[in-house]
Amino acid sequence: MQYVSYNWMRLIDKYLPSDYNDSVSKRIESEEPLTPDHFFEQMFCNFPKPVAWLFKLRNAIVKPFGLKGGGGFRNLISERNDEEIIVCKSDRHLDFWVSIYCSKPEDGWQEAAVTTVVKFNNFFGRIYFCGIWVFHTILVRSLFRR
């Protein structure tokens, strides 16, 4: 999936170009406007049990390799504005940024998007990302649908 830049500058744009990026977006109709904070809570804080289990498994597998795990996502928020929250994490092997974006409501409709940007710091970052890419794609799309 390719990243599609919008007509205006978003916070995530400053992390491009990258080694990998993807974006999932949807135009949604809602009586109550969706905020980036609410979207963030739904995506990163209220996991279904199978997703929480996958994160625990991932943390156990990567710990011997010196990769950081756990700690939740709230403490990874690096910047925000009224329409977007950026979550970032830097590790020895790779750096990643995730944008949680909600446009301003217009005629009862909004654009909601989750964009992931990854930069590899070394060969092991590429290997690690190859191992999690399929899970990343499945998780982001399934969490987005919720």
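Each remark here, short or long, concerns the structure printed above.
Described below are features of the structure shown in this document. (Residues numbered from 1 in each chain as written. Predicted model: local features only at pLDDT ≥ 70, side-chain atom pairs only at ≥ 80, totals over all residues. Heavy atoms only, no water.)

**Some remarks on the sheet that holds strand S1 (residues 20-29)**
Either a parallel or an antiparallel arrangement is found when strands of a sheet pair, and the pairing is made through backbone hydrogen bonds.
Consideration 1: The five strands lie next to each other as S1-S5-S4-S3-S2, forming an open sheet whose pairing is antiparallel. Taken across any chain shown, the strands that pair with only one partner, and hence form the sheet edges, are S1 and strand S2 (77-80). Strand-to-strand twist in this sheet, taken as the mean axis angle between neighbours without regard to direction, amounts to 15°.
Consideration 2: With three bridges joining them, S2 and strand S3 (residues 84-90) adopt antiparallel strand pairing. Each residue of the ladder has a partner; that of Glu79, found in S3, is Ile86.
Consideration 3: In the packing of helix H1 (residues 36-44) onto the sheet, the strands contacted are S2, S3, strand S4 (94-102) and strand S5 (109-120), and the crossing angle to S4 comes to about 130°. (Pairing = 2+ DSSP bridges. Helix = DSSP H or I, 4+ residues; strand = E, 2+ residues; numbered from the N terminus. Axes fitted to C-alpha atoms, helices over the stretch in contact; angles between N-to-C directions. Contact = heavy atoms within 4.5 Å.)

**Some remarks on the nonpolar core**
A general feature of soluble globular proteins is that nonpolar side chains tend to end up buried together.
Consideration 1: Membership of the largest hydrophobic core comes to 18 residues, with the highest contact counts inside it found for Phe39, Phe40, Met43, Phe44, Val87, Ile100 and Val114.
Consideration 2: For this core, the secondary structure elements donating two or more residues are H1, S3, S4, S5 and helix H3 (123-145).
Consideration 3: Looking at this core, the element that brings in the most residues is H1, giving four residues.
Consideration 4: When sequence neighbours within four positions are dropped, the list of residues in contact with Ile100 reads Pro36, Phe39, Phe40, Met43, Phe44, Glu83, Glu84, Ile85, Ala113 and Val114. (Core = buried A, V, L, I, M, F, W, Y, C linked by side-chain atoms within 4.5 Å. Buried < 20%, exposed > 50% of the residue type's maximum accessible area, 1.4 Å probe, protein only.)

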